[in-house]
Amino acid sequence: MKAFAQLFADLDETTKTNRKVEALAGYFQTVPPADGAWAVFFLSGRTLKRLIKRGQMVAWGSQAANVPTWLFDESYHAVGDLAETISLLLPTTHAGTDLPLHHWIEDVLLRFPELGETGQRDLMVHAWSQLSAVQCFVWNKIITGSFRVGVSATLVARGLAQAFGLDVSAITQRLMGDWQPTEAFFERLRSPDVGDAPRHQPYPFMLAPALEDPVETLGALRDWQAEWKWDGIRAQLLRRGGEVALWSRGEEILTNRFPEIVREANKLPEGTVFDGEILAWKDGRVRPFADLQRRIGRTKLGPKILRDVPVCFQTFDLLEHEGQDVRALPLAERRRLLQAFPWAGTALRLAPLVTEDNWADLAEKRLESRGIGVEGLMLKRLDSPYGMGRVHGPWWKWKIDPYTIDAVMLYAQLGHGRRASLYTDYTFGLWHEGELLPFAKAYSGLSDEEIRAVDRWVRQNTVARFGPVRHVPPVQVFELAFEGIQQSPRHRAGVAVRFPRILRWRKDKTPEQADSLEQLRRWLPAKAEVPAGESMPFLYEDW
């Protein structure tokens, strides 16, 4: 644990990418494989199933720190992070333990299910007593599933590649898909043998940054391929070893959730991997994302939901053909190979191209996006290989402008991580029948200077507190942007918006000049309602 805590401190103290990679490489070169495997697991953003309830953590932390519950609660409200609150209150002033990371996970944390609550408490309090302050903080973050240290899976792959003299693409490939943090996994991760990919392992996804410069700066349109930007679940469809696997971009296996896609994919040639988008598709067109959400998270799919919300896999790239990795081929060649497949089914489709003679005509075509249920256009160079991660240059997202609306801030809550001591998470309302109804939460978009200014205002103008939430006077107006809207029986306003963020602080507007709920509802897509009595899972945070 001492080495992992030191790595955390080293990573947290710098914003320089090369220094982070060097710290990761140094760590992986020196720790035992069991520790390396768990470090890769947590550093790449994976979490364990939560084994300890928040209430237990509060009670045990309060007891171990010998402080009354009310004082613990006040400390938590001031700090804004449970893991940090416990690590600050506990009397951990010694140098800490030399026991390795895998001991704390496998011999302590994973033992919790077999113990009663008293045994769990005693084990946790004993663990806290052996840890230094930074070790305690890291340990608590792991327990609560909130471990973050400002590195991506890409940086972890670079650190591993540098540590063991391997190509970063091989490491990235091995980190994809479903794997367990074992010694054997770590040994395979650092092995020089590159021909050992598991049968159902996906490829790293290639991502596109947003286009910010005028589209004409990209050069001649003839060098580019334009496609609609679909609003679904990005995924890879694999047909290997006589079986089919469907992986989301978040590396979640979705095979059992979309049987109609799997049924048609079973007819694909052996050694085929498609990149594409899972869409709700009915009557020859894409349906709103709200429809697709009715399929997300379901483990049992009855005839009614399969009939009401059919789906398809809209294919836009080919990564493996007849068992050969074809990512290095130019996009034009990969598209030619794709077009040779028999596209006769309904759940497996080839994404159409958007063809125009010049950028001006393509820009006009892009304005049709919302009418056909897409987010804009994807622009891809015809000579581009399929890369890894977000590469600037070969691919661009040319999205339509977001919806915007002026709303009033109603509540504020402390942020997380580096912003745990600042009020950065805000709830906004719109006018409806003379009152402000909350409809969205947003926590990004303001500059650091604006965040500090809002934080000061919140602290000086709080009218009520509800746990960590502060109720403020409804006088501050902000312009919000969002990508979509759907009806929501779970919210008082009756609607929910996708990806809300703050565009600007409208100090020039009074709260009376903010927009109404009726204005927002005008953007609701047709027939996006949830049938009476049917619940809907949501991909964004409820409040």
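S.K.: Could you give an account of the nonpolar core, naming the residues involved and the relevant values?
M.R.: Within the largest apolar cluster, 63 residues are counted, with the highest numbers of intra-cluster contacts made by F4, F28, V40, L43 and W139. For this core, the element with the highest residue contribution is helix α3 (residues 33-43), accounting for 7 residues. Leave out the neighbours within four places in its chain, and F4 touches Y27, A39, F42, L43, L101, V138, I142 and F147. Listed in part, the 32 residues of the second largest apolar core include F428, A440, I502 and W505.

S.K.: Account for unusual backbone geometry, with residues named and values stated.
M.R.: With the exception of glycine, most residues fall at negative phi, and the peptide bonds are largely trans. With phi around 60°, N66 is a residue other than glycine that occupies positive phi space. Relative to the helices and strands, N66 is located in the loop between α4 (54-65) and α5 (69-79).

S.K.: Report on the environment of A235, specifying residues and quantitative values.
M.R.: With respect to the helices and strands, the residue A235 is situated in strand β3 (residues 233-240). In this structure A235 comes out as buried when scored by relative accessible area, which is 0%. Along the sequence, A235 and D12 sit 223 residues apart, while their C-alpha atoms lie 32 Å from each other. Those residues within four positions of A235 in sequence are excluded, and the remaining contacts are F205, L246, W247, S248, R249, F274, D275, G276, I278 and F313.

S.K.: So, the pairing of strand β20 (residues 495-498): which residues are in play, and what are the values?
M.R.: The alternating pattern of β20 places V495 and V497 and A496 and R498 on opposite faces, both of which are buried. Bridge count between strand β19 (residues 484-487) and β20: 4 bridges; the pairing is antiparallel. When the bridges of β20 are listed, Q487 appears paired with V495.

S.K.: Please give an account of the sheet that holds strand β12 (residues 395-399) that cites residues and values.
M.R.: Taken together, 3 strands build an open sheet; the order of strands is β2-β10-β12 and the sheet is antiparallel. A strand with exactly one partner marks an edge of an open sheet, and here the two such strands are β2 (224-228) and β12. Neighbour to neighbour, the strand axes of the sheet diverge by 20° on average, direction disregarded. Pairing of β2 with strand β10 (residues 376-381) involves 5 bridges; the strand directions are antiparallel. Within β10, the residue paired with A226 across the bridge is L379.

S.K.: Before we move on, could you go through the pattern of salt bridges and cite the residues and values that matter?
M.R.: As enumerated under the stated definition, the model contains 28 salt bridges in all. For R287, the salt bridge goes to D291, with nearest N and O atoms at 3.5 Å. On the basis of relative accessibility, which here comes to 9%, the residue D291 falls in the buried class. D406 is the partner of K509 in a salt bridge, and the nearest nitrogen-oxygen pair spans 2.5 Å. Of this pair, K509 sits in the loop between β21 (501-505) and α20 (517-521) while D406 sits in strand β13 (residues 403-414), and the two are 103 residues apart along the sequence. For K509, a relative accessible area of 23% corresponds to the partly exposed category.

S.K.: Residues and numbers for the side chain of S369, please.
M.R.: Here S369 lies in helix α18 (residues 369-372). With a relative accessible area of 0%, S369 lands in the buried category. Here S369 is in contact with W228, V374, E375, G376 and I400, once residues within four sequence places are set aside.

Rules of the game
Residues numbered from 1 in each chain as written. Predicted model: local features only at pLDDT ≥ 70, side-chain atom pairs only at ≥ 80, totals over all residues. Heavy atoms only, no water. Core = buried A, V, L, I, M, F, W, Y, C linked by side-chain atoms within 4.5 Å. Buried < 20%, exposed > 50% of the residue type's maximum accessible area, 1.4 Å probe, protein only. Helix = DSSP H or I, 4+ residues; strand = E, 2+ residues; numbered from the N terminus. Contact = heavy atoms within 4.5 Å. Pairing = 2+ DSSP bridges. Axes fitted to C-alpha atoms, helices over the stretch in contact; angles between N-to-C directions. Salt bridge = Lys/Arg side-chain N within 4 Å of Asp/Glu carboxyl O.

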